[in-house]
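Coordinate analysis (summary)
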Amino acid sequence: MSESGIERRPRLLVVDDDSDAASLVLRVATRCGYDAVSVMEMSTLEGVLRNMQPDVLTLDLCIPQKDGIEILSHLQFKGQIIIISGQDDWLRKQARDLAVTRGLNVAAEMGKPLDLNALRALLTQLADTTAMVNPSTRSI
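All values reported here derive from a predicted model rather than from experimental measurement.

**As for helix α2 (residues 45-52)**
Residues of α2 that are buried: Leu45, Leu49 and Met52. End-on view of α2: buried residues confined to an arc of 85 degrees, all on one side of the axis. Within α2, the exposed residues directed more than 90 degrees away from the buried face are Glu46, Arg50 and Asn51. Against the buried residues of α2 lie β1 (11-15), β2 (35-39), β3 (56-59) and α3 (68-74). Looking one or two residues beyond α2, the residue adopting positive phi is Gln53, at roughly 50 degrees.

**A few points about unusual backbone geometry**
Each neighbour pair has its own omega, and for Lys112 with Pro113 the value is 0 degrees, a cis peptide bond. With respect to the helices and strands, Pro113 occurs in the loop between β5 (105-111) and α5 (116-133). The phi angle at Gln53 is positive, at roughly 50 degrees, despite the residue not being glycine. When you line up the elements, Gln53 lands in the loop between α2 and β3. Accessibility expressed as a relative area gives 54% for Gln53, which makes it exposed.

**Things to note about the sheet that holds β3**
Judged by pairing direction, the sheet is parallel, and its five strands sit side by side in the order β2-β1-β3-β4-β5 without closing on themselves. On the outer flanks of this sheet lie β2 and β5, each paired with one strand and no other. Here the strands of the sheet are splayed against their neighbours by 20 degrees on average, with no regard to which way each runs. Pairing of β1 with β3 involves four bridges; the strand directions are parallel. Considered in β3, the bridge of Val15 is made with Leu59. Relative to β2, helix α1 (residues 19-31) is tilted by about 170 degrees, and along the sheet it contacts β1, β2, β3 and β4 (80-85).

**Some remarks on the pairing of β4**
Of all six residues that make up β4, five are buried, and the element is covered over most of its length. The pairing of β3 with β4 spans four bridges and is classified as parallel. Directly across from Val56, in β4, lies its bridge partner Gln80. Following the chain from β3 across α3 to the adjacent parallel β4, one finds a crossover that is right-handed. The sheet contact formed by β4 and β5 spans six bridges and is parallel. Directly across from Ile84, in β5, lies its bridge partner Met110. One crossover worth recording links β4 to the parallel β5 by way of helix α4 (residues 89-101), and it is right-handed.

Parameters at a glance
- For every chain, the first residue of its written sequence is number 1, and the numbers climb from 1 along that sequence.
- Where totals are concerned, whole chains, interfaces and linings use all residues; where local detail is concerned, this predicted model gives features only for residues with pLDDT of at least 70, and gives and counts side-chain atom pairs only at 80 or more.
- To obtain the side-chain values, all non-hydrogen atoms of the structure were used and water was disregarded.
- Note on classification: 1.4 Å probe, protein chains only; a residue is buried when its accessible area is under 20% of the maximum for its type, exposed when over 50%, partly exposed between these limits.
- By definition, any uninterrupted DSSP run of H or I lasting at least four residues is a helix, any uninterrupted run of E lasting at least two residues is a strand, and each is numbered from the N terminus.
- By arc we mean the arc of the directions from the helix axis to the C-beta atoms, nothing more.
- Here, two residues are considered to be in contact whenever any of their heavy atoms come within 4.5 Å of each other.
- Strand pairing is assigned whenever DSSP detects at least two bridges linking the two strands.
- All axes are obtained by fitting lines to C-alpha atoms, using only the stretch in contact for helices, and the reported angles, taken between N-to-C directions, cover 0 to 180 degrees.
- By the criterion used throughout, a crossover qualifies as right-handed when its path from the first strand across the helix to the second strand runs clockwise, the strands pointing away from the viewer.

See below:
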């Protein structure tokens, strides 16, 4: 429980310009116990990150206003990142390597169409890890 006595659920932010893809990730995350929201306008990303302080961020690599590689190049985020993209494996791996080189925590990179069972398992694992790292998210 948090200091206020209310359990804090893990938070997830979906960064994807495709509303259908974002909605799918949101539904899976919510069913895994997350408070989840999405950002489709990259101009609002920094503000949402600052205000929401998510534990997990999912990031599409192909976003018209600012691509995921550019976002990873400047992102300041302490939580776990899941790269989700329909791009080739090599590009997802390069994005992961860039993020790791910059000190970001990449939990996974996944292709589209998404393997929902794999995403569900990963989000469940990350929620459990978040609860262990941050006792305020743990139930008594």
